[in-house]
Amino acid sequence: MEQLEAGAIVDTPAPDTSPRPPNIVIRGYGQYYDVLTPEGVVRCTVRGVVKRARRKTDPVAVGDRVEITRTGPGEGVIEAVAPRLRTLSRRARGTEDVEQVILANPDQLVAVFAVAEPEPHPRMLDRFLIIAEARGLAAAVCVNKIDLDPSGELRRRFDPYRAAGYPVVETSAATGAGIDDLRALLRGKISALSGPSGVGKSSLINALNPELDLRVGDISAATGKGRHTTTATTLILLDDDTYIADTPGIRQLGFWGIDFSRLDTYFPEFRPYLDQCYYADCTHLTEPGCAVLAAVEAGAIDRGRYESYRVLRQGTGEDR
Ligand SMILES: Nc1nc2c(ncn2[C@@H]2O[C@H](COP(=O)(O)OP(=O)(O)O)[C@@H](O)[C@H]2O)c(=O)[nH]1
Ligand SMILES: [Mg+2]
Ligand SMILES: [Zn+2]
């Protein structure tokens, strides 16, 4: 019983005031995890009791705060995992109900899109933001490749996100424009940088910390794990208490565990209208007296954002 307590990971979120072990898991390699400690990186195995404590989730994930025992120079064992405050996760392949944690304890999700090359899909951005909202994660938008938008016209597609209340930073990894704004957004937090392939996530991480030299255009270089990289996450220490992770795109994240009946609350700009609809259980699809539909008509809610809501609210299975 004593031992089980030590290894246990509990489901109840810990209050933010609980002491957090300083050691953080930054990378996983099968049976091994690299744990960043105040004295450097320690490669750890995991005590059996930690693995047995929970079978419906990864016992240890990148971003977990852990207690370790040292067993030799640069080597140790993970003895306990602190309760996770939040997770960015998906359903483990080939299972119905096992959580695969992409990143434990993220403070925010930064959705990275490019003004062009590749052409941005705002409806895809909406999906990232919904995943963040549903998990209680703060979200922000990074609009990269602004060097490809000399007139400033292309980036206006992201105006609705500012209007919805999301921080929006505009960057160019190529010229260095806006990198300080991005650095300020990230400061003191654990951020998941997520977005479609090719938008410049690796380039941005390099621009933030040129010593890293992640190979641009090659996801595997960021994780050193070859082909299995869509799910592997590496946490990169940028600065004191500032970490970033290059996390997979939306298809890999998926909508697992999201309650679509609460979808309207995942659109921050809908919230002021939600208690003004005529019907208390309004779905905001066709009902008369719907305050959300009225706001769309009046131009107070962006039509594209509403369209994302409509498609996901009506949709089932494949559409989602
Ligand atoms: N013009 C321009 N190209 C960029 C910028 N950032 C990245 N790229 C290019 O976009 C391509 C994809 O970048 P990468 O960082 O690998 O994207 P990732 O897949 O999101 O990690 C590479 O050819 C980069 O050189 C930028 O700010 N401006
Ligand atoms: Mg990359
Ligand atoms: Zn309504």
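Residues numbered from 1 in each chain as written. Chains lettered and ligands numbered in written order. Predicted model: local features only at pLDDT ≥ 70, side-chain atom pairs only at ≥ 80, totals over all residues.

(A) Region of interest: the sheet that holds strand β13 (residues 242-246). Spatial ordering of the open sheet is given by β10-β9-β8-β11-β13-β12, a layout of six strands whose pairing is mixed. Two strands lie at the open edges of the sheet, namely β10 (168-170) and β12 (235-239), each paired on one side alone. Direction aside, neighbouring strands of the sheet carry axes that sit 25 degrees apart on average. Relative to strand β11 (residues 190-194), strand β8 (residues 108-114) runs parallel, the two being bridged by four bridges. Pairing of L109 across the sheet is with A192, part of β11. Seen against the sheet, helix α3 (residues 122-134) touches β8, β9 (138-144) and β11 and runs at an angle of roughly 175 degrees to β8. Across the face of the sheet, helix α6 (residues 201-208) comes into contact with β8, β9, β11, β12 and β13 while running at roughly 155 degrees to β13. (Pairing = 2+ DSSP bridges. Helix = DSSP H or I, 4+ residues; strand = E, 2+ residues; numbered from the N terminus. Axes fitted to C-alpha atoms, helices over the stretch in contact; angles between N-to-C directions. Contact = placed C-beta atoms within 7 Å.)

(B) Geometry of the sheet that holds strand β2 (residues 32-37). Strand order in the open sheet formed by five strands is β1-β2-β3-β5-β4, and the pairing between neighbours is mixed. Strands at the two margins of the open sheet, each flanked by one partner only, are β1 (24-29) and β4 (66-72). Across the sheet, the axes of successive neighbouring strands diverge by a mean angle of 40 degrees, strand direction being ignored. Across five bridges, β2 lies against strand β3 (residues 40-46) in antiparallel orientation.

The analysis is restricted to geometry; functional conclusions fall outside its scope.
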